[in-house]
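Listed here are the chains, written in short residue letters.
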Amino acid sequence: MYMAEIHCRHFNGYKPCGKSDQCNYNCPHLSIPQKRIAIVHLAALGAVLRATSILPALKRKYPSSHITWITQAPAHKLLENNSFIDAVYKTEQEDILSLQNLDFDAVYCIDKSLVAGGVVKNLNFKQLYGFKVDARSGSILPA
């Protein structure tokens, strides 16, 4: 009996993941991300699509990263098959509850809005880049 490698990007709690019948350090598809990054960009389809241009640079800076993108419907459909993005979440309550269980090394909040600030406030992270909301004034400020 062996212990499953739960930190692999392909591990989903069920075995096998679909890439291999082994779920340990012998798996040829083992990929353990070194950094977990979240990107928050919610609305305006063209703006969300344009913001994906930062992904190649992020992957160069953090080659072994897991990238999660948080957006609103219907923008999530533009992101679902992007090879740089590992997971896409929407601003729906179920997704926000799921995101509260995750830890991120960095969050990039590209969207300048109170809603985006509210999403960021629900995330667990070490470093914030982009924009944040001042809780007292409601002003949107550079992070």
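Our subject is the structure listed above.
Moving on to the sheet that holds strand β3 (residues 87-90). Taken together, six strands build an open sheet; the order of strands is β3-β2-β1-β4-β5-β6 and the sheet is mixed. Of all strands in the sheet, those bounded by a partner on one side alone are β3 and β6 (140-142). Pairwise comparison of adjacent strand axes, ignoring direction, gives a mean angle of 30° for this sheet. Looking at chain direction, strand β5 (residues 124-133) and β6 are connected through three bridges and run antiparallel. Paired with V133 across the two strands is I140, which belongs to β6. Against the sheet, helix α5 (residues 114-121) makes contact with β1 (35-40), β2 (65-71), β4 (103-109), β5 and β6, and its axis sits at roughly 170° relative to β5, the strand it touches most.

What follows is about the environment of P33. By the secondary structure assignment, P33 is in the segment before β1. Between the alpha carbons of P33 and I67 there is a distance of 9.4 Å; along the sequence they are 34 residues apart. Not counting residues within four places of it along the chain, the set of residues in contact with P33 comprises H7, R9, S64, S65 and H66.

About the thresholds
- Residues numbered from 1 in each chain as written.
- Predicted model: local features only at pLDDT ≥ 70, side-chain atom pairs only at ≥ 80, totals over all residues.
- Heavy atoms only, no water.
- Pairing = 2+ DSSP bridges.
- Helix = DSSP H or I, 4+ residues; strand = E, 2+ residues; numbered from the N terminus.
- Axes fitted to C-alpha atoms, helices over the stretch in contact; angles between N-to-C directions.
- Contact = heavy atoms within 4.5 Å.

Geometric values such as these leave the question of function open.
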